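# Fold and contact review
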Amino acid sequence: QVQLAESGGGLVQPGGSLRLSCAASGSIFSILRMGWYRQGTGNQRELVAVMSSGGTTNYADSVKGRFTISRASGENTVYLQMNSLKPEDTALYYCYAFVIPTATMKGVGSWGEGTQVTVSS
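Structure report, in brief.

Rules behind the numbers
- Residues numbered from 1 in each chain as written.
- Predicted model: local features only at pLDDT ≥ 70, side-chain atom pairs only at ≥ 80, totals over all residues.
- Heavy atoms only, no water.
- Disulfide = S-S within 2.5 Å.
- Helix = DSSP H or I, 4+ residues; strand = E, 2+ residues; numbered from the N terminus.
- Buried < 20%, exposed > 50% of the residue type's maximum accessible area, 1.4 Å probe, protein only.
- Salt bridge = Lys/Arg side-chain N within 4 Å of Asp/Glu carboxyl O.
- Lys, Arg positive; Asp, Glu negative; His and termini not counted.
- Polar contact = N/O pair within 3.5 Å; in protein donor to acceptor, adjacent residues only side chain to side chain.
- Contact = heavy atoms within 4.5 Å.

Another aspect to go through is the state of the cysteines. Inspection of the entire model under this criterion finds 1 disulfide. Cys 22 shares a disulfide with Cys 95; S-S distance 2.0 Å. Between Cys 22 and Cys 95 the sulfur-sulfur dihedral comes to about -85°; the bridge is accordingly left-handed. Of this pair, Cys 22 sits in strand β3 (residues 18-25) while Cys 95 is found in strand β9 (residues 91-101), placing the two residues 73 residues apart along the sequence. Among the residues examined, Cys 22 registers a relative accessible area of 0% and is labelled buried.

In structure tokens form, the structure reads like this:
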């Protein structure tokens, strides 16, 4: 019942920037954690960045200093600002949220369908 919709992916040259967004919809009581994972060709899905409801953030070492996760106040939307992009950042980026639906009041994970980011010259 909880839906995640990603947007903002695309083709960018090395050193460029992109801003991803993910909007959660449905009857949500609370979002405990929300963030981004990615999966490149031939690789396992890995955590990129995540933010808790209290504002605590966690980043993959490979993106620290380049990516910034944020959330708009009063909105179930999370953003990922990606700067200084590298070819190795090329991947399908998935939004993830651990939420408490109003219907159950028990935490459950939810995944978006993914948005492609390609970094190439």
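There's plenty left to go through after this.
Looking now at the pattern of salt bridges. Counted according to the given criterion, the structure contains 4 salt bridges. A salt bridge links Arg 38 to Glu 46; its shortest N-O distance comes to 2.9 Å. Given a relative accessible area of 5%, Arg 38 falls into the buried group. The exposure class assigned to Glu 46 is partly exposed, which follows from its relative accessible area of 35%. For Asp 61, the salt bridge identified is with Lys 64, shortest N-O distance 3.1 Å. Among the charged side chains, a salt-bridge network with shared partners connects Arg 38, Glu 46, Arg 66 and Asp 89.

Okay, the side chain of Glu 6 next. One can find Glu 6 in strand β1 (residues 3-7). Buried charge without a salt bridge: Glu 6, with Arg 45 as the nearest opposite-charge side chain at an N-O distance of 8.0 Å. At 2.9 Å, the side chain of Glu 6 and the backbone nitrogen of Cys 95 are in polar contact. One polar contact links the side chain of Glu 6 to the main-chain amide nitrogen of Gly 114, over a distance of 3.0 Å. Non-local contacts of Glu 6, meaning those with residues more than four positions away in its chain, are made with Ser 21, Cys 22, Trp 36, Tyr 93, Tyr 94, Cys 95, Gly 112, Glu 113, Gly 114 and Thr 115.

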